[in-house]
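Single-letter residue listing:
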Amino acid sequence: MSIPLAPAGAAAAYRAADALPNAASPTGGAGFGAALTRAMEQAVEVGREADAVSTRALTGQGSVTDVVLAVGRAELTLQTAVAVRDRVVAAYQDVMRMPI
């Protein structure tokens with residue numbers, strides 16, 4: 001079972017990636033980009049897990065409680081991903097507005 005992408009988890013992943021040596025190295029896998037990639041992979045896995053739990057429930061092999069919890073995790077993960085995206089877009093727009 002994957003850990004859902006939560007603001008606290010994303011912050012912890014960023015701090016962990018920032019604390020590693022050669023954090024700016026694109027090939028080292030320890031930079032911010034790698035942390036963001038791992039977070040997005042986890043977000044996709046949470047969505048897939050919610051789909052699998054829903055499918056099991058539809059076939060009579062799962063419970064409604066499991067479906068509600070899995071869909072709730074997926075929804076929170078999606079909301080967090082959208083919030084991060086909005087912040088990145090806003091930061092990009094701020095940089096583009098800066099005078100040279």
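Each value, and the rule that gives it
- Residues numbered from 1 in each chain as written.
- Predicted model: local features only at pLDDT ≥ 70, side-chain atom pairs only at ≥ 80, totals over all residues.
- Heavy atoms only, no water.
- Helix = DSSP H or I, 4+ residues; strand = E, 2+ residues; numbered from the N terminus.
- Contact = heavy atoms within 4.5 Å.
- Areas by Shrake-Rupley, 256 points an atom, 1.4 Å probe, with all protein chains shown as cover.
- Salt bridge = Lys/Arg side-chain N within 4 Å of Asp/Glu carboxyl O.
- Buried < 20%, exposed > 50% of the residue type's maximum accessible area, 1.4 Å probe, protein only.
- Expected span 1.5 Å × (residues − 1).
- Patch = residues over 30% accessible without salt bridge, like charges linked within 9 Å, V, L, I, M, F, W, Y side chains within 5 Å.
- Axes fitted to C-alpha atoms, helices over the stretch in contact; angles between N-to-C directions.
- Parallel < 35°, antiparallel > 145°, perpendicular 65-115°, else oblique.
- Left-handed = near helix turned anticlockwise from the far one by under 90°.
- Nonpolar A, V, L, I, M, F, W, Y, C, P; charged D, E, K, R; others polar.

Trainee: Quick one: what's the story with the overall build of the protein, residue by residue and with numbers?
Mentor: In terms of regular secondary structure, the protein is built from three helices and zero strands. A separation of at least 24 residues holds for 53% of the contacts in the protein among residues at least 6 apart in sequence. Element-wise, carbon and sulfur atoms account for 64% of the exposed surface of the protein, whose accessible area totals about 7300 Å².

Trainee: Tell me what's going on with the pattern of salt bridges, and back it up with residues and numbers.
Mentor: If you walk through the whole model with that rule in mind, you get three salt bridges. When the shortest N-O distance is used, the salt bridge between aspartate 86 and arginine 85 registers 2.7 Å. On the basis of relative accessible area, aspartate 86 is assigned to the partly exposed category, the value being 40%.

Trainee: I'd love a proper account of helix 3 (residues 64–97), names of residues and values included.
Mentor: Over its 34 residues, helix 3 extends 49 Å from the first C-alpha to the last, a length consistent with the 50 Å expected when each residue adds 1.5 Å. Listing the buried residues of helix 3 in full gives Val67, Ala70, Thr77, Thr80 and Ala81.

Trainee: Could you give me a rundown of the environment of alanine 57, with the residues and numbers involved?
Mentor: Note that alanine 57 resides in helix 2 (residues 32–58). Taking the C-alpha atoms as reference points, alanine 57 and valine 67, separated by 10 residues in sequence, lie 7.1 Å from one another.

Trainee: Explain helix 2 to me, and be specific about the residues and the numbers.
Mentor: Between its first and last C-alpha atoms helix 2 spans 39 Å; for 27 residues at 1.5 Å apiece the expected length is 39 Å, and the two agree. Among the residues making up helix 2, those that are buried are Ala35, Ala39, Ala43, Val46, Glu49, Ala50 and Val53. Glycine 60 lies just past helix 2 and shows a positive phi near 90 degrees.

Trainee: Give me the lowdown on a nonpolar patch on the surface, citing residues and values where you can.
Mentor: Taken together, Phe32, Leu36, Met40, Val84 and Val88 make up a surface patch of nonpolar side chains, about 420 Å² in accessible area. Elements represented by at least two residues in the nonpolar patch include exactly helix 2 and helix 3. The element contributing the most residues to the nonpolar patch is helix 2, with three residues. Relative to the helices and strands, valine 88 resides in helix 3.

Trainee: Go over the packing of helix 2 against helix 3 with me, naming the residues and quoting the values.
Mentor: Contact geometry of helix 2 with helix 3 gives a least axis separation of 9 Å together with a crossing angle of 155 degrees. By the angle between their axes, helix 2 is roughly antiparallel relative to helix 3. The two elements helix 2 and helix 3 cross, and the hand of that crossing is left-handed. On helix 3, the residues touching Met40, Ala43, Val46, Gly47, Glu49, Ala50, Val53, Ser54 and Ala57 of helix 2 are Asp66, Val67, Ala70, Val71, Arg73, Ala74, Thr77 and Ala81. Per-class residue counts for the contact of helix 2 with helix 3 are 11 nonpolar, three polar and three charged.

Just distances and angles here, no functional claims.
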